[in-house]
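For reference, the chains in residue letters:
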Amino acid sequence: MEDFVVDIVHEPPHSWQDLELIVAKILNQCGFDAERGKQISTVRGTVDIDVFAKDNNCTPSSEYLIECKYWNTDIPQTVIHSFRTVVNDYGSQHGLIIAKKGFQSGAYEATKNSNIQLLSWNEFLSLFEKRWLQNRIRSIHHTAKPLHIYTDPLDVSDYLDTLTKSEISQYQKLCEEYIGYSIYSHEVTFGEIVSISLSHKEQIDSIIQTAQKHFDDYSFNNYTDFFELIEQKCLEGIQLFEELFKNTDAKLHVQKYS
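How each quantity is defined
Residues numbered from 1 in each chain as written. Predicted model: local features only at pLDDT ≥ 70, side-chain atom pairs only at ≥ 80, totals over all residues. Heavy atoms only, no water. Helix = DSSP H or I, 4+ residues; strand = E, 2+ residues; numbered from the N terminus. Expected span 1.5 Å × (residues − 1). Buried < 20%, exposed > 50% of the residue type's maximum accessible area, 1.4 Å probe, protein only. Contact = heavy atoms within 4.5 Å. Salt bridge = Lys/Arg side-chain N within 4 Å of Asp/Glu carboxyl O. Axes fitted to C-alpha atoms, helices over the stretch in contact; angles between N-to-C directions. Parallel < 35°, antiparallel > 145°, perpendicular 65-115°, else oblique. Left-handed = near helix turned anticlockwise from the far one by under 90°. Nonpolar A, V, L, I, M, F, W, Y, C, P; charged D, E, K, R; others polar. Pairing = 2+ DSSP bridges. Core = buried A, V, L, I, M, F, W, Y, C linked by side-chain atoms within 4.5 Å.

Novice: I keep staring at helix H2 (residues 77-90) and nothing clicks. Help me out?
Specialist: Residue pairs spaced three or four apart in an α-helix point in one direction, given the helix's 3.6 residues per turn. Relative to the 20 Å expected for 14 residues at 1.5 Å per residue, H2 spans 20 Å between its end C-alpha atoms, a close match to the ideal helical length. Every buried residue of H2 is accounted for by Val79, Ile80, Phe83, Val86, Val87 and Asp89. Lining the buried residues of H2 we find strand S1 (33-42), strand S2 (45-55), strand S3 (62-69), strand S4 (94-99), helix H3 (105-109) and strand S5 (116-120). Immediately downstream of H2, the backbone of Gly91 shows phi near 85°, a positive value.

Novice: How should the pattern of salt bridges be read in this particular structure?
Specialist: Pairing between side chains of opposite charge can happen when the charged atoms of each approach one another. Counted according to the given criterion, the structure contains eleven salt bridges. The shortest N-O distance in the salt bridge between Arg131 and Asp55 comes to 2.8 Å. With Arg131 in helix H4 (residues 121-150) and Asp55 in strand S2, this residue pair connects regions lying 76 residues apart in the sequence. Of the residues examined, Asp55 reaches a relative accessible area of 5% and is grouped as buried. Note that Glu243 and Lys246 form a salt bridge whose closest N and O atoms lie 3.0 Å from each other. Looking at Glu243, the relative accessible area reads 46%, which means it is partly exposed. According to the relative accessible area criterion, Lys246 is exposed, its value standing at 53%.

Novice: Whenever I open this one, the packing of H4 against helix H9 (residues 250-257) confuses me. Can you help?
Specialist: In helix packing, the relevant descriptors are the interaxial angle and the interaxial distance, both defined with respect to the helix axes. The N-to-C vectors of H4 and H9 enclose an angle of 125°; their axes lie 9 Å apart at closest approach. Classified by the angle their axes make, H4 and H9 are oblique. Considering how the two elements wind past one another, H4 and H9 form a crossing that is right-handed. The segment H4 lies against H9, with Pro146, Ile149 and Tyr150 engaging Ala250, Lys251, His253, Val254 and Tyr257. Among the residues making up the contact of H4 with H9, the classes are represented as six nonpolar, one polar and one charged.

Novice: Looking at this structure, I do not really get unusual backbone geometry. What am I missing?
Specialist: Trans is the prevailing form of peptide bonds, just as negative phi is the prevailing case for residues other than glycine. Cis rather than trans, the peptide bond between Thr59 and Pro60 has omega equal to -5°. Mapped onto the elements of the fold, Pro60 is located in the loop between S2 and S3. For Asn113, which is not glycine, the phi dihedral falls at a positive 55°. The residue Asn113 is located in the loop between H3 and S5 in this model. Looking at Asn113, the relative accessible area reads 83%, which means it is exposed.

Novice: Quick question: what am I supposed to make of the sheet that holds S3 here?
Specialist: Two orientations exist for strands paired in a sheet by backbone hydrogen bonds: parallel and antiparallel. Overall, mixed pairing links the five strands, which are arranged S1-S2-S3-S4-S5 in an open sheet. Strands with a single pairing partner mark the edges of an open sheet, and in this sheet they are S1 and S5. Averaged over all neighbouring strand pairs, the angle between strand axes comes to 35°, with direction disregarded. In terms of strand pairing, S2 meets S3 through five bridges, oriented antiparallel. Note on S3: the bridge partner recorded for Lys54 is Glu63. Along the sheet face, H2 touches S1, S2, S3, S4 and S5 and points at about 160° away from the line of S3.

Novice: What exactly am I supposed to notice about the environment of Gln209 here?
Specialist: Relative to the assigned elements, Gln209 resides in helix H7 (residues 198-214). Counting along the chain gives 82 residues from Gln209 to Leu127, while the straight-line C-alpha distance between them is 24 Å.

Novice: I'm lost on the nonpolar core in this one. Help?
Specialist: It is characteristic of soluble globular proteins that their nonpolar side chains tend to be buried jointly. Residues Val23, Leu27, Trp121, Phe124, Phe227 and Phe245 are the most contacted members of the largest nonpolar core, which totals 60 residues. The greatest single-element share of this core, amounting to twelve residues, is contributed by H4. Other than its neighbours up to four places away in sequence, Val23 contacts Val51, Ile66, Cys68, Ile98, Trp121 and Phe124. Within the second largest apolar cluster, 17 residues are counted, among which are Val79, Ile97, Phe103 and Ile116.

Shown next, in the form of structure tokens:
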């Protein structure tokens, strides 16, 4: 299969602010509690950290201190030594330095016998891709459930009987407009409980490539664009169906089975 979806996002950050914001966003979408520009207290005093992230989904919870270096030169070992001291003084389980360009050879030597990782932008994406996919897929699975029900006439047949001819026509038009988003959200989240494997990842890529042929107005060359569109359209469709069925108990029925 040809390369189609290659990364979580379309392109690398364009500034140091952009780098920090996207790193924090990706980690939050992975299920971390991440924030940008956090001041922490260490045994030597307070220190400003570019991105601070806490992983409450593991036992015991773990914390990440992250430095984002949008430099046009390789990061020297002096920066690593300084950051290593901060990580040790704070007692963090993980320290990450994400560099735009790269690291001097001595920088890697400075991480020996430590919990510091030196990462390029693509290495950062690769490190968290599996967890990001798992979390985003579960999120879409939960978001899209009501739309699956609304777009299946058999699931809402009791409530369709109470609608006028005009409202039935409106229901049919809504189904035509949103059934594609319902189908693709179901396909991409099918088996979401199963761990993301290489074969599953390739299956997701294939689904997105097929979706591209049906959604001519959109361009999907990364996971984020596709997932955000599907989520947005599912929420939009659900709201319109709820408005159509507002004088019935359909919403309660959908909530019960979602």
